[in-house]
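This is what each chain is made of:
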Amino acid sequence: MSDRQTAFSILDEAAAAIGGWPALQSIRCVHWDSEGQDWEPWQAYDVGGTVDVSTFRSTTDLDLGSGAGRVEMDAAVVYPWPHRVAYIEITDAEAGMQADLSLGTVAIERLHPSLYAAARRDFAAFPPEALRLARADAGAVQETSKSVRFRHHDADRWATLEFADDRTPTSLTYDDHDPAQGDIAYRFEWSDWRKVDDVRLPYRLRRLIDGRPIREERLGQIALNKSVSDEKLMVPAIVRTQDEAGGRIVTGWTQRRRAAGLPYEEYTRIQRVDMAPLAPGVWLARGGTHNSLIIEMADHLVIFETPLFEERSEAVIAAAKESIPGKPIRHIVLSHFHDDHMGGVRTYAAEGATVVVHSSAGDYIRAVLDQRRTVIPDRLEMAHRDGRQSQPAVMLVEEAITLTDGTRAVELYHVPNLHTSGMLVGYVPDARALFTADLVSDTFPLIPSFASSVYELIQKNRLSVEMIACAHGNAMPYTQLAYALGKSSKSTDTAEIQALEQRLIDGIKAKDVKQIMSCYSDDLFAYDVVPPRQYVGAAAFQKPWQGFLGMFEGPINVDVNDLMINSDGEIAYSCCVQHVTGTTNEGKPFDSTFRITDVYRKRHGKWVIVQEHISLPPDVARW
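Keep in mind that what you see is a predicted model, and the values were worked out from it rather than measured. (Residues numbered from 1 in each chain as written. Predicted model: local features only at pLDDT ≥ 70, side-chain atom pairs only at ≥ 80, totals over all residues. Heavy atoms only, no water.)

Caption draft 1: Just the pattern of salt bridges, in detail. As enumerated under the stated definition, the model contains 45 salt bridges in all. Here arginine 110 and glutamate 244 are joined by a salt bridge, their closest N and O atoms 3.5 Å apart. Here arginine 110, found in strand S6 (residues 107-110), pairs with glutamate 244, found in the loop between helix H5 (237-240) and helix H6 (252-259); they are 134 residues apart in sequence, far enough to count as distant. The buried category is assigned to arginine 110, whose relative accessible area is 15%. Using a relative accessible area of 19% as the deciding quantity, one classes glutamate 244 as buried. (Salt bridge = Lys/Arg side-chain N within 4 Å of Asp/Glu carboxyl O. Helix = DSSP H or I, 4+ residues; strand = E, 2+ residues; numbered from the N terminus. Buried < 20%, exposed > 50% of the residue type's maximum accessible area, 1.4 Å probe, protein only.)

Caption draft 2: Representation of the sheet that holds strand S26 (residues 475-477). Spatial strand order, S21-S22-S23-S24-S25-S26: six strands in an open sheet with mixed pairing. Across the chains shown, the open sheet's two edge strands, defined by having one partner strand only, are strand S21 (400-404) and S26. Adjacent strand axes in the sheet meet at a mean angle of 20 degrees when their direction is disregarded. The pairing of strand S23 (residues 424-428) with strand S24 (residues 433-435) spans three bridges and is classified as antiparallel. Opposite glycine 426, over in S24, you have phenylalanine 435 as the bridge partner. Contacts between helix H12 (residues 448-461) and the sheet are confined to strand S22 (409-414), S23, S24 and strand S25 (467-469), with S22 contributing the most and set at about 120 degrees to the helix. (Pairing = 2+ DSSP bridges. Axes fitted to C-alpha atoms, helices over the stretch in contact; angles between N-to-C directions. Contact = heavy atoms within 4.5 Å.)

Caption draft 3: Broad picture of the packing of aromatic side chains. This model, assessed by the stated rule, comprises 17 aromatic pairs. Aromatic pair phenylalanine 304 and phenylalanine 435: ring centres 5.0 Å apart, planes at 55 degrees, arrangement tilted. You can see phenylalanine 304 sitting in strand S17 (residues 301-304) and its partner phenylalanine 435 sitting in strand S24, a full 131 residues away along the chain. Residue phenylalanine 304 shares its accessibility class with phenylalanine 435, and that shared class is buried. Between the aromatic rings of phenylalanine 552 and phenylalanine 590, the centroid separation amounts to 5.1 Å while the plane-to-plane angle is 70 degrees, which identifies the pairing as edge-to-face. (Phe/Tyr/Trp six-rings, centres within 6.5 Å; stacked < 30°, edge-to-face > 60°.)

Caption draft 4: Local environment of the pairing of strand S19 (residues 354-358). Of all five residues that make up S19, five are buried, and the element is covered over most of its length. The two faces of S19 match: Thr354, Val356 and His358 on one face and Val355 and Val357 on the other face are all buried. Where strand S18 (residues 329-333) meets S19, three bridges bridge the pair, whose relative direction is parallel. Residue pairing across strands places histidine 331 opposite threonine 354, the latter belonging to S19. The sheet contact formed by S19 and strand S20 (residues 394-397) spans four bridges and is parallel. Residue pairing across strands places valine 355 opposite valine 394, the latter belonging to S20.

Caption draft 5: Broad picture of the side chain of threonine 254. Following the sequence through the fold, threonine 254 ends up in helix H6. By relative accessible area, which is 0% here, threonine 254 ends up buried.

What follows is the structure in structure tokens.
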């Protein structure tokens, strides 16, 4: 007997085990109610963990003759924040629609093409339909004594049906594609078989990816051949005329995103990138739901975040090359391992970039870079096949690391938080910009416990942050974050003045008189240690600064000690001791200690220095 004949024999025995072909083929339609739970393995706190997404109730109607289906879902989502996900999904052999009920109103639109394709595949989650599809495939073959492999032509995927000793179907596994995980095994498992009319059907259904559960349904009632009105299974003509933007790629990724109430609409659609400048040589690559931060270095680029999937990475890379031509991407930094933030990492690796990630996710990211992508090959898969790409380089970060070209620095910090382990944030000191991934957003609800970890990091490391670059949404002033966290105005004022003083110190070190003078008010009044010692107006005070900077042949080093700031919201003052060292143009060492007292007022919403007093201690040796 040939493998194909043996496969058909196994399928016939399986049909007999649950009622026989005549009884199974008499099922014209099926209805069931269920309740269950969703999990997300790739959004957990730790690599290898899982997270509870939601509990739900649903009803399903299938018309096996026409191939139409209807799912009504109502889920109480707990991750990533508590909210409701409710919808009605209707599909037929040609099109699909979704009525979103989450906000209490009805928003009807054509079903996303990837969700449609996945829904057509999921028809076979009903075991009699899975047996029928396998029996209809002339190329079906016996894989083992308890399994049959066949081609699911609607989904364009190979699938394997497995059976118990008595030939009862136990599972259906697809060779499937995930935009972040590559080739995966998408598996339906059936158990708790009970008698329903003249057939046996399962009352427990599980879905798994590579052996990890993502959904479990417990059926409460199954009704066979219960008439369903045509209206309940009809996709309205006005929906059919809507453009189905994107491709019909079968994947559970879009389903999992929808289950958590997270955006999925960009998948398979044209990617648009808006290069929003934050500072000279620093851009927030916006567009859709996720952003990347692009930093121009002397001879290369550093990019922070590789969200979603390859098509997004390709679009960001193209935008970066157009805006900053001739500079390769040397480092690509991952904020954390969640797949919507690292799904496009392989595309950057194919460009030759070194992947920078926290050490806790190092092995996981190496595994992602080593994936096989045979169902839908990506750039890295093709580069491996052609022999153009060796093993991508991975750089691990523990607590902090600085990437620098000698002139510009990008500082990476590990920030402990309640969202995920191994979270990195990126700070560009000369731009005063901090990229915070999921911890701060102006799109999703601000979660104080997440945002507070960013605030604490800034305070602990005395970072002079003026702008928060969000992975979701836009950039926001640091003061907005402090206000949202309910920090006192005094704390906010202190942070702003600290940033102002740091900008002045950085200007001294860079010998940049323009940056130094940007810290002063035009109506400045200053006392200095050099004649005439009293200066009125910033323009007058610029001259001693130019003279001071011009004294040095090489770098100027400035150490600030005992900085104390007080503010009442309208006026503020500070005092500190500054130790300045360097080498003069005559080759002599310069080593002086100064006492600085500054008075500040706000001009156009920003603190500036309106009075300054610089003096030398009477006994420098004591300082």
